[in-house]
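Coordinate inspection notes
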Amino acid sequence: MIWYGVLVLAVGAERVAELVVARRHTRWSLERGAVEWGRGHYPPMVALHTALLFGCLAEVWLGDRPFTPALGWTMVAVVVAAQALRWWCIRTLGPRWNTRVLVVPGLPLVTGGPYRLLRHPNYVAVVAEGLALPLVHGAWLTALLFTVLNAVLLTVRIRCENRALDAAAAGALP
């Protein structure tokens, strides 16, 4: 279980790195007149993603969940792929990527990288990781609970982002 704890801590460290990047990008966006959308759903999103990490460790430890190699190693590969996709999104969006919904007036939509295939590829990474990270070590309750709650939250988040992007494209930012 020690190596699983290291994996979960590594994902947690990756989240901290995201927040550092997001803070820098927030400053960049605000300096250019960015408009923020959906402030209300941001704290629950942070809480849910934090709970995922704690839930993974708690369920494996308290529930004495076994490591099943066929499932576990497959899920490790999914976690790694999710991280690669997430950072591809961050690299593609550059200073426009953020954990918040910030739209800088006058900038065109990004259509390169993974955005040429999907409108919200980062959320594919979020969904994949949220399911795979707990299942690496058999934490199926955490995987199920996170997936259900994340689906609700992503419905709100994606609608918010779509409204923001549509308003930006129409030149109708508040």
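A few points on the structure. Keep in mind it's a predicted model, so treat the numbers as computed, not measured. (Residues numbered from 1 in each chain as written. Predicted model: local features only at pLDDT ≥ 70, side-chain atom pairs only at ≥ 80, totals over all residues. Heavy atoms only, no water.)

1. Remarks on the pattern of salt bridges
- Taken as a whole and assessed by the stated rule, the structure comprises 12 salt bridges.
- Residue R86 is joined to E14 by a salt bridge in which the shortest nitrogen-to-oxygen separation is 4.0 Å. With R86 in helix α3 (residues 69-93) and E14 in helix α1 (residues 2-31), this pair connects stretches of sequence that are 72 residues apart.
- The salt bridge partner of R100 is E36, with a shortest N-O separation of 3.2 Å. Remark: E36 occurs in strand β1 (residues 35-37) and R100 occurs in the loop between α3 and β2 (101-103); sequence separation between them is 64 residues.
- A network of salt bridges, in which partner residues are shared, links E14, R15, E18, R86 and E129. (Salt bridge = Lys/Arg side-chain N within 4 Å of Asp/Glu carboxyl O. Helix = DSSP H or I, 4+ residues; strand = E, 2+ residues; numbered from the N terminus.)

2. Section: the environment of L57
- In this fold, L57 is placed in helix α2 (residues 42-62).
- Judged by its relative accessible area of 24%, L57 is partly exposed.
- Sequence separation between L57 and L107 is 50 residues, and the spatial gap between their C-alpha atoms is 42 Å.
- Ignoring anything within four residues of it in the chain, the contact list for L57 reads M1, Y4, G5 and V8. (Buried < 20%, exposed > 50% of the residue type's maximum accessible area, 1.4 Å probe, protein only. Contact = heavy atoms within 4.5 Å.)

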